[in-house]
Every structure is written in structure tokens, then in C-alpha cells.
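Here's the letter readout for the chains.
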Amino acid sequence: MPAITWETPYCAEGNNCFRLGTDTEGNGYIAVAGQEDHYLTDSLEALRTLITDIKAGKADHLL
């Protein structure tokens, strides 16, 4: 398992908490808080694009 530096969890209502992390190789990680050993990973650029698109409302149809 890579050495991941996790940020403080981002939480909505109840137990809907996610964590974002990075490693020294330039990868980004997303995991459910408390389940960091089961993560989704991609490049930091891909993570940046995902967050930017979500903030721009491109995933609003999923809500």
C-alpha cells in the first residue's frame, strides 16, 4: 500500500464522509472515511478535474 497522506474528512449529513489523499508519486485518492484501505486512485490532474467539474455542477444530475 502506498504512503497516502489523507486530508480531514469531508462530511455531509450523518455518516456521509469522504477523504481525499495524495502520495509522493503524484497520485490522488478518494475513500469513504474509515475505509481508507478501499480507495479509488488516479493522477492528481484527474482528481483536480473531477473536483472542478463537480463544483461547476456537472454532476448535479446525480443528486
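Just above sits the structure.
Residues numbered from 1 in each chain as written. Predicted model: local features only at pLDDT ≥ 70, side-chain atom pairs only at ≥ 80, totals over all residues. Heavy atoms only, no water.

### Remarks on the overall build of the protein
Keep this limit in mind: Strands here mean DSSP runs of E at least two residues long; helices mean DSSP runs of H or I at least four residues long; both are numbered from the N terminus. Should any heavy atoms of two residues lie within 4.5 Å, those residues are considered in contact. Using a 1.4 Å probe, the Shrake-Rupley method yields the accessible areas, and only the shown protein chains count as cover for residues. Within this scheme the basic residues Lys and Arg register as positive and the acidic residues Asp and Glu register as negative, but His and the chain ends are omitted. We put the charge of a Lys on NZ, of an Arg on CZ, of an Asp on CG and of a Glu on CD.
A tally of helices and strands in the protein yields 1 helix and 5 strands. In terms of overall dimensions, the protein has a C-alpha envelope of 35 × 30 × 15 Å along the principal axes. Put simply, of all contacts in the protein between residues at least 6 apart along the chain, 19% involve residues at least 24 apart. Total accessible area on the protein is roughly 4,800 Å²; 54% of this is exposed by carbon and sulfur atoms. In the protein, which carries 4 positive and 10 negative side-chain charges, the distance between the mean positions of the two groups comes to 7 Å.

### With respect to the packing of aromatic side chains
Applicable threshold: Aromatic rings from Phe, Tyr and Trp, taking only the six-membered ring of Trp, are treated as a pair when their centres fall within 6.5 Å; an angle between ring planes under 30 degrees marks them as stacked, one over 60 as edge-to-face, and anything in between as tilted.
Summed over all chains, the structure comprises 2 aromatic pairs. Ring centres of Tyr29 and Tyr39 lie 4.9 Å apart, and the angle between their planes is 85°; on these two criteria the pair is classed as edge-to-face. Taken together, the positions of Tyr29 in strand 4 (residues 27-32) and Tyr39 in the loop between strand 4 and strand 5 (40-43) put the pair 10 residues apart, joining distant regions of the chain.

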